[in-house]
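Coordinates in review
Take a look at the letters that make up each chain.
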Amino acid sequence: MKEKIDRSNLPQHIAVIMDGNGRWAKRKGAERVFGHRNAIEAVREVTEGCAELGVGYLTLYAFSTENWNRPRFEVEALMQLLVTTISNEVETLMKNNVRLQSIGNTDKLPNRCYNKLQEAIELTQNNSGLTLVLALNYSGRWEITEAVNSIAKMVQAGQISPEDIDQQLIAGQLTTRNIPDPELLIRTSGEMRISNFLLWQIAYTELYITQLLWPDFRREHLYEAIIAYQQRERRFGKISEQVKS
Ligand code: IPE
Ligand code: IPE
Ligand code: MG
């Protein structure tokens, strides 16, 4: 499978909506949290797979703004899992030259999560391989609202005038300001929706939705998604003849 990937046409940025942990656990007759714990192996596989291939950025949707509305027990289990996973994996991140970053309203995470996350971000900041971006307490609408707020303040302070507001200025106010837009978005567990993920950034992203549940996702599935991406014709509004090289 890996040999079928065209190394000259790799997506620079892959984003993933890691969905289906709860269903995976239910199918095994277990509690939902069991699914979250078994999701870590998939995270590891995809991260290592991307790092090996030379993909620049991998963004994983780990906790949405809306996920706070889940039962308290589940939210707490997810926060705890975040802390233990970062503690356990940071060494492997260093070994694989992976730089950790985050997007989202991470200030509002429980202190121990926030601190662990920042610690790992600082420790890995000089790594030069894959950038792994965790979307935590993230939502696209939250991010766009924040950007609108800060642009309004810039206008109010007289730093810019309304005519200066263009797509570049808006993109520069988003949490992804230093990250290229994803070329490929993978969603597991078959749901045909975006669930408030990177709304601005996915304007021309190729979507790849698989029925597989996230805890079953492995390197070969990542390769399958990349191969499918490479078979797409990205037209960006043009016609086929214009984009054929
Ligand atoms: C994704 O799996 C993990 C998070 C949203 C944190 P789910 O927990 O949404 O699993 P399903 O969709 O209920 O099966
Ligand atoms: C999206 O999954 C959020 C994450 C993967 C973190 P959800 O399971 O929360 O999405 P919906 O509720 O099915 O849209
Ligand atoms: Mg879900």
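Quick look at the side chain of T124 now. Positionally, T124 belongs in the loop between helix 5 (111-123) and strand 4 (131-138). If sequence neighbours within four positions are ignored, T124 has contacts with V90, L93, M94, V98, R99 and L100.

Let's shift gears to the layout of surface pockets. By volume, the largest pocket amounts to about 900 Å³. Among the secondary structure elements, those contributing two or more residues to the lining of the largest pocket are helix 1 (21-27), helix 2 (32-37), helix 3 (40-53), strand 2 (57-64), helix 4 (72-95) and strand 4. In terms of residue count, helix 4 provides more of the lining of the largest pocket than any other element does, 9 residues in total. Of the residues contributing to the lining of the largest pocket, the split by class is 21 nonpolar, 11 polar and 8 charged. What lines the second largest pocket is Y57, R99, Q101, S102, G104, T106, T175, R177, N178 and I179.

Further remarks concern the packing of helix 3 against helix 4. Helix packing geometry: the angle between the two helix axes and the distance between the axes. Contact geometry of helix 3 with helix 4 gives a least axis separation of 12 Å together with a crossing angle of 35°. The way helix 3 lies across helix 4 gives a crossing that is right-handed. Contacts between helix 3 and helix 4 involve I40, R44 and E48 from the first element and L81, T85, E89 and T92 from the second. Of the residues belonging to the contact of helix 3 with helix 4, the class tally is 2 nonpolar, 2 polar and 3 charged.

A few words now on the site of ligand 1. In the region of ligand 1, the neighbouring residues are M18, D19, G20, N21, G22, R23, R32, H36, A62, N67, R70 and L78. The separation between an oxygen atom of ligand 1 and a polar main-chain atom of N21 is 3.1 Å. Within the side chain of R70, an N or O atom sits 2.7 Å from an oxygen atom of ligand 1. Surface burial for ligand 1 is 87%, taken as the share of its 380 Å² of free accessible area covered by protein chains. When each cavity is represented as a set of grid points, ligand 1 is found to reside in the largest pocket. Looking at the shell around ligand 1, the element that brings in the most residues is helix 1, giving 3 residues. Among the residues making up the shell around ligand 1, the classes are represented as 3 nonpolar, 5 polar and 4 charged.

With 13 residues, helix 5 should reach 18 Å at 1.5 Å per residue; the first-to-last C-alpha distance of 18 Å fits that figure. Every buried residue belonging to helix 5 is among C113, L117, A120 and I121, and all of these are buried. When helix 5 is viewed along its axis, its buried side chains cluster within an angular range of 105° and face the same direction. Opposite the packed face of helix 5, turned more than 90 degrees from it, sit the exposed residues N111, E122 and L123. Contacts made by the buried residues of helix 5 are with helix 4, strand 3 (99-103) and strand 4.

Now for the pairing of strand 2. Taken across its 8 residues, strand 2 has 7 buried, putting it largely inside the fold. The pairing of strand 2 with strand 4 spans 7 bridges and is classified as parallel. The residue of strand 4 that forms the bridge with L58 is L132.

Reading the values: rules and limits
- Residues numbered from 1 in each chain as written.
- Chains lettered and ligands numbered in written order.
- Predicted model: local features only at pLDDT ≥ 70, side-chain atom pairs only at ≥ 80, totals over all residues.
- Heavy atoms only, no water.
- Helix = DSSP H or I, 4+ residues; strand = E, 2+ residues; numbered from the N terminus.
- Contact = heavy atoms within 4.5 Å.
- 1 Å grid on protein atoms, 1.4 Å probe; cavity = no way out; pocket = protein on both sides within 12 Å on 5 of 7 lines; lining within 4 Å.
- Points joined across faces, edges and corners; volume = space filled by probe spheres on them.
- Nonpolar A, V, L, I, M, F, W, Y, C, P; charged D, E, K, R; others polar.
- Axes fitted to C-alpha atoms, helices over the stretch in contact; angles between N-to-C directions.
- Left-handed = near helix turned anticlockwise from the far one by under 90°.
- Near = heavy atom within 4 Å.
- Polar contact = N/O pair within 3.5 Å; in protein donor to acceptor, adjacent residues only side chain to side chain.
- Areas by Shrake-Rupley, 256 points an atom, 1.4 Å probe, with all protein chains shown as cover.
- Sits in = over half its atoms within 2 Å of the grid points.
- Expected span 1.5 Å × (residues − 1).
- Buried < 20%, exposed > 50% of the residue type's maximum accessible area, 1.4 Å probe, protein only.
- Arc of directions from axis to C-beta.
- Pairing = 2+ DSSP bridges.

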